[in-house]
Structure formats: C-alpha cells, structure tokens
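Working through the structure, step by step
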Amino acid sequence: MNARTAILCLFFCCVAAAKTATAPALLPPDNRYKADMLLIVAHPDDDVVIGGYLARASLDQHKRIAVIYCTNGDGGGNSVGYEAGAALGQMRIQEARHALQFLHIENAWFLGQHDNPGQNVLWSLGRWHHGEVLEDVVRLIRLTRPDVILTWLPNHVVGEDHDDHQAAGVIATEAFDLAGDPLAFPAQVSAPRNRTGMGNLTEGLHPWQPKKIYYFTDAFEDFGPYWHDARVISPFRKSIVEGTGPVFSQTDISPSRHVSYAKLTAEHQRFYMTQEGDLGVSALAKNDFRDFSYPTHLIFGKSLVGGSITGDVFEGVTPGPIPFTPPPGYHHHENPPKLSLELGGPWAFYREFWKAHDLPNIAKLLPVPEIAAGFGGTLHIPLLISNTTRKPEVVKLICQLPAGWSGGTRFVRYPVKPGETYPVQAEIVAPKTGGHEWQQIRWNAEAGGHSIGSITLRVYLGTSGMPQ
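As the structure is a computational prediction, the values presented were derived from the model and not from experiment.

1. Re unusual backbone geometry
Positive phi values are uncommon outside glycine, yet Phe185 reaches one of about 50°. Of note, Phe185 is situated in the loop between helix 6 (163-178) and strand 5 (212-216). Notably, Asp358 is not glycine yet its phi reads approximately 55°, a positive angle. Its location among the elements puts Asp358 in the loop between helix 9 (345-356) and helix 10 (360-363).

Encoded structure:
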C-alpha cells in the first residue's frame, strides 16, 4: 500500500467514525432565570403597590420572582432633588434594584420606554411602539418561563389611572397569550446556527405558555398608603376588588422576618426616595404602619390549570410546561343594521380587547364606564356614531350634564353615511368648586325623531389621577 492509499483509508475511517459518534445531549434552558412568577409593570416603584404580597411570596413562600419594568420613569417627578428626565430615569432604575434586593428578587429587566403621564392607554401603547415592547416581553417570558404573571389591571378605572399602568397590563396579557405560540416572533424560538460562535441572529428560546394571570389596580377604592378616603367609594356599584381575587393580610407576621407585612412594605417603600419614599421613612420612624395595613387585593384574570377566583395564586399550578392555549382573538360580529352610539377611544379598545383575550371577569368589573375629574378640569370624551344601515342618516346628540358642569360636543347634528362610523369629541368642564361626590353624565342620540341609543358615564368629582 503506497502512502496516498494509506492517507485515503485513514480519511474514510475518520469519516465513518464521525458518522457513528453520538451527539451531546441538548443543554436545558438556563435555570438562573427561571421564575415562578413574573411581575410586569410600567415604572420603577410600581412594585410597592403589592409589596406586601411580594414579600410574602419571595421571603416566606420562597417563590422565585422576576420583574419587567416597561419604562425607567423618566417622566415622573422627584421628591428629593432637582434631577429630572433621563437622569431621574437612571436614578429610579437604581432605586428599583435596591428595593428588589431587599425582597431577595434578583432578576429585573428595564425596557427603556418613556414615562407618559396621562390616562389614555392608546397614547402609551403608541409612544412605546407597541409591537416592539410586546416582542421584548414575549422574549422575557420565554426566558423566565413563569407559571404566573402578575400585572396592572387593563381597564379605565377611577384612580390614579396611569396610561402606562394600563399599557403594561395590556402588553402582559397579550404576551401571556403569545409566548407559547411558536409562530409569534419565530426568530426567538429558532435554534442558533452556532451557539458558541458569533453573530447568531436567532435566539434558541422555547415557546412557553404561562398558566395563570392576575391583575392589581390603582383604583381609589383599593386603599393603601397613597389614598384611603371613604368618599371615593362608588354608590353605583360594588367594589371591583371585593370577591374578584385572592386577598392577603398586611397585618400577618412574616415567619422569616418576624414583623408584619405592613412594616415590610414600608421598608420596601423607603428605597424609592424620589417617589414618595418618605411615606415609608416616616412610618418606620414613628413605628406606625396603619397606612400600610390595608389588605393587598389581586384580581383574577384567567387560569389554564383550573382553580378558583379567590383561591391562592399558585392553586392548580404544577411544575413543568403546559400546551399552548390560543385565545379567542378578535372576531367581527355581524349585527342587524342599525344606528348606534358608543364611547370611543380606550373604551372602544377595551370592549374588544377583553373578548379577544377571554377575560370575562375583567369585562364585568365596571358595568358602566367611569372617570375622575378635578374641580375645574376638562374631560375629553370620545364618542362613536355608527351607521350600519343602507341609507344616510343625520344623528342628533343631546348631552345631559349635572348642575355646574358646562360644555358638550362642537355640533348638535352629525351626517353619517351608510357603513360609516363618525368620531365625535365631547369636551366637558367640571365645576370649579363643590363637594367630593359621584355624578352622572349622559348622552342621548336621536335620528328621525326617535332615540337610537344613549351613553352614561359616571364621574367622581373632587380628585383626579393622571391628567386626561
């Protein structure tokens, strides 16, 4: 055998050996980031609202919690210094990291969107570049693989009613329903070409279906250190936090820390000195935690593993993945031809959002829409006049205001073509003085001398949350 033949034989032997060798086992997902619960909020300090429950779950139930902050809070105020804007945002990031360390929460992500002080959820979703943030949150759900997602209530409530809070809840809900779908952001779940090499553009994550989602709220009726005024209780309906989810006592004593969860919440609050951290500092100095002793309420969203509405957050949860469960999604419904009047803007969005994501419990929380107004403030209320008939119509709008209110719509009559929806903006000015009370505003719509529908909006007059 000559040298050339020997080299060829050696080559083919190596190839044969390579073909029969066993590939190494696949590496599992990185367990350093596995979470039992993922908290998705808007701003650094939002976590304080449910700080007592987070302390209970993390310190005493030993649940692994991760947090996503959609913004860095760069649009907020500063209670202790002159730093503002982007500088304040960086300070608030550090405050959040220190606050989470106190609760033994290690993993937190800041998506860097801007803080938008207002009430209209559509403004925040637009300014955040909705799809971009949604992709980021889906990625982090697939990375952390949580059983439970906890987030702000996606609803227009009488409370602080921050549009960023609402937007965080909207995106968290959408991500809950997308993270298990391999067709959603598919580059995330496609294997990298060479995981140890450079320049991989696909991410190697796995689809992940969370099991349960819960919400919490900044409604004025959910008392806490920021507000606890009996005048804000609506006389028109039952409380949205009573009987709608699990409740956790703040006066219970933490087995690991031997103090109340109210005190732990005050300690948590003090890390956010730019954002009313003085409430926690003052309570600790006085050893008076009454303002932090109100129960923590969660609102049940939905569960894919059973369990009761008011049962424990982890009721029905067992280790391991579950199959992807697609939501109903949006469906156009053919209704009999008619003229109609409805609220537009965020109210119109939420009417379809709750149905598309199978959230009947959330849809029932506020049977009649509501909003808060400060004395002398202006409410901008979007209305929609729809004509699904085959002929043009002229619709007359009549606004019924309580005593002391003024304004209305710019015009009285609106021509609406067949198949057309006419958007109308109403501007209503609240009285400059008066008592703190709930009132009602009503719009009636007529065509051809006959009523075609009406809208009632309940208004809490006295304390407004975010500017509208």
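2. With respect to the pattern of salt bridges
In total, this model carries 16 salt bridges according to the counting rule given. For Arg139, the salt bridge goes to Glu203, with nearest N and O atoms at 2.8 Å. You can see Arg139 sitting in helix 5 (residues 130-144) and its partner Glu203 sitting in the loop between helix 6 and strand 5, a full 64 residues away along the chain. When its relative accessible area of 23% is taken as the criterion, Arg139 is described as partly exposed. Between Lys211 and Asp147 there is a salt bridge whose closest N-O contact spans 2.5 Å. Pair noted here: Lys211 is in the loop between helix 6 and strand 5 and Asp147 is in the loop between helix 5 and strand 4 (148-152), with a separation of 64 residues, a long-range link. You'll find Lys211 and Asp147 in the same group, each marked buried. Linked through salt bridges whose partners overlap, the residues forming this network are Glu135, Asp136, Arg139 and Glu203.

3. Some points on the packing of helix 6 against helix 9
Between helix 6 and helix 9, whose axes approach to 12 Å, the crossing angle comes to 25°. When the interaxial angle is binned, helix 6 and helix 9 end up roughly parallel. Remark: the crossing between helix 6 and helix 9 carries left-handed chirality. Judged by residue contacts, Gln166, Val170, Thr173 and Glu174 of helix 6 engage Phe349, Tyr350 and Phe353 from helix 9. Class assignment of the residues belonging to the contact of helix 6 with helix 9 gives a composition of four nonpolar, two polar and one charged.

4. A word on empty space enclosed by the protein
The full count for this structure, using the stated rule, is one cavity of 30 Å³ or more. There is about 50 Å³ of room inside the largest cavity. Lining the largest cavity are Trp152, Leu153, Asn155, Val157, Asp161, His162, His165, Gln166, Thr217 and Asp218. Its residues assigned to classes, the lining of the largest cavity shows three nonpolar, five polar and two charged.

5. Here's the deal with the packing of aromatic side chains
Tallying each qualifying case throughout the model produces 17 aromatic pairs. Between the aromatic rings of Phe102 and Phe271, the centroid separation amounts to 5.7 Å while the plane-to-plane angle is 40°, which identifies the pairing as tilted. With Phe102 in helix 3 (residues 85-102) and Phe271 in the loop between helix 7 (261-269) and helix 8 (278-286), this residue pair connects regions lying 169 residues apart in the sequence. Aromatic ring contacts, followed pair by pair, group Phe220, Tyr226, Trp227, Trp438 and Tyr460 into a single cluster. The positively charged end of Lys63 is found above the aromatic ring belonging to Phe314, 4.2 Å away from the centroid. The ring of Phe271 has Arg270 sitting right over it, with the charged end atom 4.5 Å from the ring centre.

What counts and how
Residues numbered from 1 in each chain as written. Predicted model: local features only at pLDDT ≥ 70, side-chain atom pairs only at ≥ 80, totals over all residues. Heavy atoms only, no water. Helix = DSSP H or I, 4+ residues; strand = E, 2+ residues; numbered from the N terminus. Salt bridge = Lys/Arg side-chain N within 4 Å of Asp/Glu carboxyl O. Buried < 20%, exposed > 50% of the residue type's maximum accessible area, 1.4 Å probe, protein only. Axes fitted to C-alpha atoms, helices over the stretch in contact; angles between N-to-C directions. Parallel < 35°, antiparallel > 145°, perpendicular 65-115°, else oblique. Left-handed = near helix turned anticlockwise from the far one by under 90°. Contact = heavy atoms within 4.5 Å. Nonpolar A, V, L, I, M, F, W, Y, C, P; charged D, E, K, R; others polar. 1 Å grid on protein atoms, 1.4 Å probe; cavity = no way out; pocket = protein on both sides within 12 Å on 5 of 7 lines; lining within 4 Å. Points joined across faces, edges and corners; volume = space filled by probe spheres on them. Phe/Tyr/Trp six-rings, centres within 6.5 Å; stacked < 30°, edge-to-face > 60°. Lys NZ or Arg CZ within 6 Å of the ring centre and 35° of its normal.

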